[in-house]
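These are the residues of each chain, in order.
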Amino acid sequence: MSFIRIIDEAEATGTVAEDYAYLEESYSNLFGPGTPTPNMYRTNTIVPPYFRFGALQNRVLTGDGAFEEGGDEGPVPGILVMFAVSMYSSCFY
């Protein structure tokens with residue numbers, strides 16, 4: 001059976017460790033302290049440039065982790081849709 005290896009935070013080094021720290025802080029700003037990095041990002045840890053792109057995308061789309069709502073997006077900001085799908089469906093991609 002195929003699987004995608006995800007680098008655990010404790011094993012992360014270099015830019016992967018930096019991006020884990022940023023993403024955890026970013027999501028903790030919205031959902032509260034200790035919020036882990038969503039699985040939709042974790043699957044890219046085996047290829048650091050992809051993981052860095054996910055962290056950069058989060059930074060740009062969320063106003064550097066502020067999660068400011070864009071106005072007429074409705075009750076759920078668009079950036080949270082992928083997070084919700086990943087979190088509540090136990091999806092690893």
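Asker: Help me understand helix α3 (residues 48-61), please; the structure alone is not making it clear to me.
Answerer: Helical geometry: 3.6 residues make up each α-helical turn, so side chains three or four residues apart lie on a common side. Look at α3: 20 Å from first C-alpha to last across 14 residues, which is about the 20 Å you get at 1.5 Å a residue. Every buried residue of α3 is listed here: Phe-51, Gly-54, Ala-55 and Asn-58. Projection of α3 onto a plane perpendicular to its axis shows the buried side chains occupying an angular sector of 95°, all on one side. Turned more than 90 degrees from where α3 packs its buried face, Pro-49, Tyr-50, Phe-53, Val-60 and Leu-61 sit exposed. Buried residues along α3 sit against α1 (14-31) and α2 (39-42). Residue Gly-63 follows α3 closely and has a positive phi angle near 65°.

Asker: Got a minute to help me understand the nonpolar core in this structure?
Answerer: The tendency in soluble globular proteins is for nonpolar side chains to be buried as a group. One finds Ile-7, Ala-12, Val-16, Tyr-20, Tyr-22, Leu-23, Tyr-27, Met-40, Tyr-41, Phe-51 and Ala-55 forming the largest nonpolar core, which totals eleven residues. Listing elements by their share of this core, those giving two or more residues are α1, α2 and α3. Sorting elements by how many residues they give to this core places α1 first, with five residues.

Asker: How do you make sense of the pattern of salt bridges when you look at a structure like this?
Answerer: It is possible for side chains of opposite charge to pair when their charged atoms get near one another. Summed over the entire model, instances satisfying the criterion amount to four salt bridges. Across the salt bridge formed by Arg-5 and Glu-11, the nearest N and O atoms sit 3.1 Å from each other. Judged by relative accessible area, Arg-5 falls into the partly exposed class, the value being 43%. In this structure, the salt-bridge partner of Arg-52 is Asp-19, at a minimum N-O distance of 2.8 Å. You can see Arg-52 sitting in helix α3 and its partner Asp-19 sitting in helix α1, a full 33 residues away along the chain. A residue is classified by how much of its surface remains accessible, and Asp-19, at 5% relative accessible area, is buried. Where salt bridges share partners, they join Glu-18, Asp-19 and Arg-52 into one cluster.

Conventions we followed
Residues numbered from 1 in each chain as written. Predicted model: local features only at pLDDT ≥ 70, side-chain atom pairs only at ≥ 80, totals over all residues. Heavy atoms only, no water. Helix = DSSP H or I, 4+ residues; strand = E, 2+ residues; numbered from the N terminus. Expected span 1.5 Å × (residues − 1). Buried < 20%, exposed > 50% of the residue type's maximum accessible area, 1.4 Å probe, protein only. Arc of directions from axis to C-beta. Contact = heavy atoms within 4.5 Å. Core = buried A, V, L, I, M, F, W, Y, C linked by side-chain atoms within 4.5 Å. Salt bridge = Lys/Arg side-chain N within 4 Å of Asp/Glu carboxyl O.

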